[in-house]
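Structural features, examined
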Amino acid sequence: MESINLYKTERTPFVSLNTNGEFKISGISIPEDSTAFYRPIIEWLRNYAKNPQPFTSAHFVFDYFNTSSSKDILEVFKALGAIKDSGMSKVTIKWEFEDDDDDIRECGEDYQSIIGIDFEMIEVEA
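Sequence positions are assigned chain by chain, starting from 1 and proceeding in written order. Local features in this predicted model are restricted to residues whose pLDDT is 70 or higher, and side-chain atom pairs enter the listing and the counts only when it is 80 or higher, whereas totals over whole chains, interfaces and linings include all residues. By convention in this description, side-chain values take in all heavy atoms of the structure and omit both hydrogens and water.

Here's the deal with the packing of helix 1 (residues 34-48) against helix 2 (residues 67-85)
Rule in force here: Lines fitted to the C-alpha atoms define the axes, with helices restricted to the stretch that makes contact. Angles between their N-to-C directions range from 0 to 180 degrees. A helix here means a DSSP run of H or I that spans at least four residues, while a strand means a run of E at least two residues long, and both kinds are numbered starting from the N terminus. For classification, angles of less than 35 degrees are called roughly parallel, those exceeding 145 degrees roughly antiparallel, those between 65 and 115 degrees roughly perpendicular, and all remaining angles oblique. Contact criterion: two residues are considered in contact whenever any of their non-hydrogen atoms come within 4.5 Å of each other. Under this grouping Gly is polar, as are all residues other than the nonpolar Ala, Val, Leu, Ile, Met, Phe, Trp, Tyr, Cys and Pro and the charged Asp, Glu, Lys and Arg.
Two elements in contact, helix 1 and helix 2, have axes separated by 9 Å at closest approach and are oriented at 0 degrees. Accordingly, the angle class assigned to the pair helix 1 and helix 2 is roughly parallel. Across from S34, T35, Y38, I41, I42, L45, R46 and Y48 in helix 1, the residues of helix 2 making contact are S68, S69, D72, I73, E75, V76, A79, L80 and I83. Taken together, the residues of the contact of helix 1 with helix 2 break down into ten nonpolar, four polar and three charged.

Digging into the side chain of T12
Applied cut-off: The buried label goes to any residue with under 20% of its type's maximum accessible area, the exposed label to any with over 50%, and the partly exposed label to all in between, with areas taken from a 1.4 Å probe on protein chains only. Each polar contact in these results corresponds to two N or O atoms within 3.5 Å; when the atoms are within protein, one needs to be able to donate a hydrogen and the other to accept it, and residues that are neighboring in sequence are counted only if both atoms are side-chain atoms.
Mapping T12 onto the fold places it in the loop between strand 1 (4-6) and strand 2 (14-17). Note on T12: relative accessible area 11%, which makes it buried. A polar contact of 2.7 Å, which involves the side chain of T12, links it to the side chain of T9. Ignoring anything within four residues of it in the chain, the contact list for T12 reads Y7, I28, P31 and F37.

Brief notes about the sheet that holds strand 3 (residues 22-29)
Backbone hydrogen bonds are what pair the strands of a sheet, in a parallel or an antiparallel way. Let me state the cut-off plainly: Note on pairing: DSSP must find at least two bridges between two strands before they are called paired.
One open sheet accounts for six strands, arranged 1-2-3-4-5-6; its pairing is mixed. Sheet topology places strand 1 and strand 6 (119-124) at the edges, where each strand pairs with a single neighbour. Neighbour to neighbour, the strand axes of the sheet diverge by 15 degrees on average, direction disregarded. Against the sheet, helix 1 touches strand 1, strand 2, strand 3 and strand 4 (55-65), its axis set at about 15 degrees to strand 2. Packed on one face of the sheet, helix 2 meets strand 3, strand 4, strand 5 (90-98) and strand 6 and runs near 170 degrees to strand 4.

Looking at the packing of aromatic side chains
This is how it is decided: Working definition: a ring pair exists when centres of Phe, Tyr or Trp rings (six-membered ring for Trp) sit within 6.5 Å. Plane angles under 30 degrees give stacked, over 60 give edge-to-face, the rest tilted.
Evaluated as defined, the whole model comprises 15 aromatic pairs. Taking the centre distance of 5.1 Å and the plane angle of 80 degrees together, the rings of F23 and Y48 count as edge-to-face. Here Y48 lies in helix 1 and F23 lies in strand 3, a separation of 25 residues in the sequence. By relative accessible area, F23 is classed as buried at 6%. Members of the aromatic cluster, joined through ring pairs, are F60, F62, F65, F77, W95, Y111 and F119.

From the geometry alone we can't say anything about function, so treat these as descriptive.
Written out as structure tokens, the structure reads:
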């Protein structure tokens, strides 16, 4: 299994999935086909779940994402939840948002309540 690094574009976020258990997704997510964009990410996480590191850290810093992306992002969180539920890795999730961005903050709170993993909510100055 190899790490994945995708550079951000005008429509897609930066993605870094490292086999050392450190993950980051950041930027804007408005791809033409969000399922096609997120499918390899979710598949990678499912493969990682078979033999995860003892500690897994996922850091999310979205500036904006559309409705179709939100559904696929939820699937990313479900994959992280499965890693946690396996008991093979301690999973931490960091959700970073600007202090004036209530929408992104609330989305993080919603995801947190859906998947049942406490997020580290990181508020930064806009």
